[in-house]
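Listed below, chain by chain, are the residues.
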Amino acid sequence: MKECFKSQEVIAQKMMEEALPDAQKIVECTSVQYAPAHSWTFERNKIAKLCGEPECKRKQVECELSNSESVAGEFITGSKGQIILMKEEILVDPEFHVEALLHEWAHAYCEAVEKKESYIPAEYHNGCFPNDELRRGYSMWKEFAAQGICKKICAINGLKRKDSITEELRGYLEDLIYNLAAENQIGYFFADLFFDCRLEENADRKQLLRELLKGYDVDIQSDFLELYSIMVTQRTEKEFWRTNIDYLEELGEIIGRIKFQAMYNAKEKEIRRLAESSSEKSSGI
């Protein structure tokens, strides 16, 4: 392992354990491995089998990953163990490396708490859901919880990325609505909107959301604002990562509407592109 990778792990582990002392054992038993981006998916599959990850979970993750090239790493868990696998090339920025580690360790922490207190059925961790609403709601929620913990810890330690939070949020929306990114991106979006310290504490987050949504379909605007209204109270909860089944189903229903409209928009965009291409060819351009 590159020495710089190890040094970032030490920093991230210290931050995690200071913020959440009960996470110490979880962090210590969740090792971190690295792989080049070109072989990361292959290595991920090997580690998933080694950890005893259920096949239905593996298929769900593969579907999510196929719509997101920006994944920096993943917490992989199963009946035989748990490991974090990170992409080497993405971690050239030390601050982003620490943030990515915090995010993955937060996944491990949230899953341990969910299992211990049983407020999430065990089968959800294995990718098995009774309906699509709960699947979408949980997929979104687990990323919101992990990214929220990560951003809160970064804020406590003054770890602030230099790139624009507004542009980052705008990028999430574009990926969701035009590139059909998985619903877990909605979790990232709201965690950054609520907790990223690049936004001032007293910033009008709802107004920022309204500005970011300008130009999008009116139904998508309405659905995102509805999500905001039912999630905003989480920002002030001490243990905001806790949830319940009814809440997940409510989130999943709204996310389903967003995803449907996004698929419609993407198809409409592709039809326009093909029509323009055909017109150019017929005119001899």
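Shown above is the structure to which this text applies.
A brief look at the structure comes next. Being a predicted model, the structure only gives us computed values, none of them experimental. (Residues numbered from 1 in each chain as written. Predicted model: local features only at pLDDT ≥ 70, side-chain atom pairs only at ≥ 80, totals over all residues. Heavy atoms only, no water.)

Using the criterion set out here, one finds one cavity of 30 Å³ or more in the structure. The computed volume of the largest cavity comes to approximately 40 Å³. What lines the largest cavity is simply Glu99, Lys151, Cys154, Ala155, Leu159, Lys160, Arg161, Phe195, Asp196, Cys197 and Arg198. Residue composition of the lining of the largest cavity, grouped by class: five nonpolar, no polar and six charged. (1 Å grid on protein atoms, 1.4 Å probe; cavity = no way out; pocket = protein on both sides within 12 Å on 5 of 7 lines; lining within 4 Å. Points joined across faces, edges and corners; volume = space filled by probe spheres on them. Nonpolar A, V, L, I, M, F, W, Y, C, P; charged D, E, K, R; others polar.)

Our next topic: helix H7 (residues 132–156). If you check H7, its first and last C-alpha atoms are 36 Å apart, about what 25 residues at 1.5 Å a residue would give, namely 36 Å. After H7 finishes, the residue Gly158 shows a positive phi value of roughly 65 degrees. (Helix = DSSP H or I, 4+ residues; strand = E, 2+ residues; numbered from the N terminus. Expected span 1.5 Å × (residues − 1).)

A few words on the packing of helix H8 (residues 165–178) against helix H9 (residues 184–195). Where H8 contacts H9, the two axes come as close as 10 Å, and the packing angle between them is 160 degrees. The angle between H8 and H9 places the two elements in the roughly antiparallel class. Between H8 and H9 the crossing geometry is left-handed. Between H8 and H9, the residues in contact are Ile165, Glu168, Leu169, Tyr172, Leu173, Asp175 and Leu176 and Gln185, Ile186, Tyr188, Phe189, Asp192 and Leu193, respectively. (Axes fitted to C-alpha atoms, helices over the stretch in contact; angles between N-to-C directions. Parallel < 35°, antiparallel > 145°, perpendicular 65-115°, else oblique. Left-handed = near helix turned anticlockwise from the far one by under 90°. Contact = heavy atoms within 4.5 Å.)

What follows is about the environment of Glu276. Within the fold, Glu276 resides in helix H12 (residues 245–282). Judged by relative accessible area, Glu276 falls into the exposed class, the value being 51%. Glu276 sits 63 residues away from Leu213 along the chain, and the two C-alpha atoms are 26 Å apart. (Buried < 20%, exposed > 50% of the residue type's maximum accessible area, 1.4 Å probe, protein only.)

For the rest of this paragraph, the subject is unusual backbone geometry. The phi angle of most residues is negative, glycine excepted, and most peptide bonds adopt the trans form. Although it is not a glycine, Ser118 sits at a positive phi angle of roughly 55 degrees. One can find Ser118 in the loop between helix H5 (94–117) and helix H6 (122–125).

Moving on: the packing of H9 against helix H11 (residues 218–231). The relative placement of two packed helices is expressed as an angle between their axes plus a distance between the axes. Running from N to C, H9 and H11 cross one another at 60 degrees; their axes reach a closest spacing of 12 Å. It follows from the interaxial angle that H9 and H11 lie oblique. Relative to H11, H9 is oriented so that their crossing is right-handed. Along its contact with H9, which presents Ile186, Phe189, Phe190, Leu193 and Phe194, the element H11 presents Phe224, Leu227, Tyr228 and Met231. Considered class by class, the residues forming the contact of H9 with H11 number nine nonpolar, no polar and no charged.

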